[in-house]
Amino acid sequence: MTCLRLLQHRAPDGARSVILAEGDSAHFLPGANSVRELALRAIAAGTTLAEAARACGRGDPVDIAAAFAAGRLLAPIDHPDPAHLLMTGTGLTHLGSAEGRDKMHQAAASGEKQTDSMRMFLEGLEGGKPAPGGVGQQPEWFYKGDGSQLVGPADPLEMPSFAQDGGEEPELAGIYIVGADGTPWRLGLALANEFSDHVTERHNYLWLAHSKLRQAALGPELLLGAPPEHIEGTSRILRDGHPVWEKPFLSGEGHMSHSFANLEHHHFKYDLFRRPGDVHVHFFGTATLSFSDGVTPREGDMFEISAAPFTLPVANALVRAAARPVDVRAL
């Protein structure tokens, strides 16, 4: 089965366009400037996003690998007002995800008492995939920021000056837009690096919220259609062009303790996440971290995450921001 993907392209003169990729071929879509605009068009016409893309016709062919190498590909979703793009996520959703998290938090529990992370994982394992129409166990949930924190597929990931760590998290992200009547629509899935500060989180689980307020990167391709049950990829860290850590990872519902539908329900059940026109990027979690293997990324390292059926990676260098003192003044 051929996988359809949408990509966003920016020309040297700043002009934006949308690409439809199918198998090894890809072409520009005449009259489409953004995936968000195309999605709103599909909702208004009562069609699927794939049908709306095909209705644009075929523009010039494009080599997406060359466009990626040239830095012409953007994140596959954005919003003209970054405040109306929300990045959130769920953890402890994958069948192997409890082990690394539990190691971080074992010191807080006695031998007879499970950590909160293990309890949450086991509850998800038992009730994270309810029957159709049912409501399952709610997952861990966190907020990452708005669209200002979303970086492109080859842009640097910047950890704050005060960060204790900057570590990769190879994940799938669901991409959504809220229709005019408040209905959330899933546009597709993107490959993602849900960048986090694991040292901060390890210090105290209640600092998880702080550890997640970081940038995140999306791969350039938005995968359309039903989410795959099985996705197998590779996450690695390159230092001076050479791998210092590399590991396979698994994702898709077949490797998760929660269904996508259950994770989506527990996000969009809140009224404030169904504001018409808003875009949501929701990270679905991972079981594979270099941090769990004792690896400490350094500034200048390159995180590279790849997985079929995506044909392009998300590849981002680690940088540290300069200190930005903040003074709060009485008015």
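Everything below is about the structure printed above this text.
Being a predicted model, the structure only gives us computed values, none of them experimental.

**Here we look at helix H1 (residues 35–45)**
Of the residues making up H1, those classed as buried are Val35, Arg36, Leu38, Ala39 and Ala42. Looking straight down H1, one finds that the buried residues subtend no more than 160° of arc, so they occupy a single side. For H1, exposure combined with an orientation more than 90 degrees from the buried face picks out Ala44 and Ala45. Just past H1, the residue Gly46 takes up positive phi, approximately 70°.

**Quick notes on helix H5 (residues 116–127)**
Look at H5: 16 Å from first C-alpha to last across 12 residues, which is about the 16 Å you get at 1.5 Å a residue. Among the residues of H5, those classed as buried are Ser117, Phe121 and Gly124. The arc that holds every buried residue of H5, seen down its axis, measures 65°, which confines them to one face.

**Some points on the pattern of salt bridges**
Opposite charge on two side chains permits them to pair, given that their charged atoms come into close proximity. What the rule picks out here adds up to 16 salt bridges. We note a salt bridge from Arg16 to Asp78, for which the minimum N-O separation is 2.7 Å. Placement of the pair is Arg16 in strand E2 (residues 16–22) and Asp78 in the loop between helix H3 (64–69) and strand E4 (85–89), with a sequence separation of 62 residues. Close ionic contact of Arg275 with Asp278 constitutes a salt bridge, the shortest N to O distance being 2.8 Å.

**Considerations on the packing of aromatic side chains**
Inspection of the entire model under this criterion finds five aromatic pairs. With a centroid separation of 5.8 Å and an interplanar angle of 25°, the aromatic rings of Trp141 and Phe273 are classed as stacked. You can see Trp141 sitting in the loop between H5 and strand E5 (142–146) and its partner Phe273 sitting in the loop between helix H8 (260–268) and strand E13 (279–283), a full 132 residues away along the chain. Among the residues examined, Phe273 registers a relative accessible area of 9% and is labelled buried. On the numbers, 6.2 Å between centres and 80° between planes, the contact of Tyr270 with Phe273 is edge-to-face. By relative accessible area, Tyr270 is classed as partly exposed at 40%. Pairwise contacts between aromatic rings join Trp141, Tyr270 and Phe273 into one cluster. Lying across the ring of Phe142, Lys212 places its NZ or CZ 4.5 Å from the centre.

**Describing the sheet that holds strand E11 (residues 231–239)**
Whether parallel or antiparallel, the strands of a sheet pair through hydrogen bonds between backbone atoms. Ordered by their spatial adjacency, five strands build an open sheet running E7-E15-E14-E11-E12, and the pairing between neighbours is mixed. The sheet is open, and its two borders are formed by strand E7 (157–159) and strand E12 (242–251), each paired with just one other strand. Averaged over all pairs of adjacent strands, the angle between their axes in this sheet comes to 20°, without regard to strand direction.

Scoring rules and cut-offs
Residues numbered from 1 in each chain as written. Predicted model: local features only at pLDDT ≥ 70, side-chain atom pairs only at ≥ 80, totals over all residues. Heavy atoms only, no water. Buried < 20%, exposed > 50% of the residue type's maximum accessible area, 1.4 Å probe, protein only. Helix = DSSP H or I, 4+ residues; strand = E, 2+ residues; numbered from the N terminus. Arc of directions from axis to C-beta. Expected span 1.5 Å × (residues − 1). Salt bridge = Lys/Arg side-chain N within 4 Å of Asp/Glu carboxyl O. Phe/Tyr/Trp six-rings, centres within 6.5 Å; stacked < 30°, edge-to-face > 60°. Lys NZ or Arg CZ within 6 Å of the ring centre and 35° of its normal. Pairing = 2+ DSSP bridges. Axes fitted to C-alpha atoms, helices over the stretch in contact; angles between N-to-C directions.

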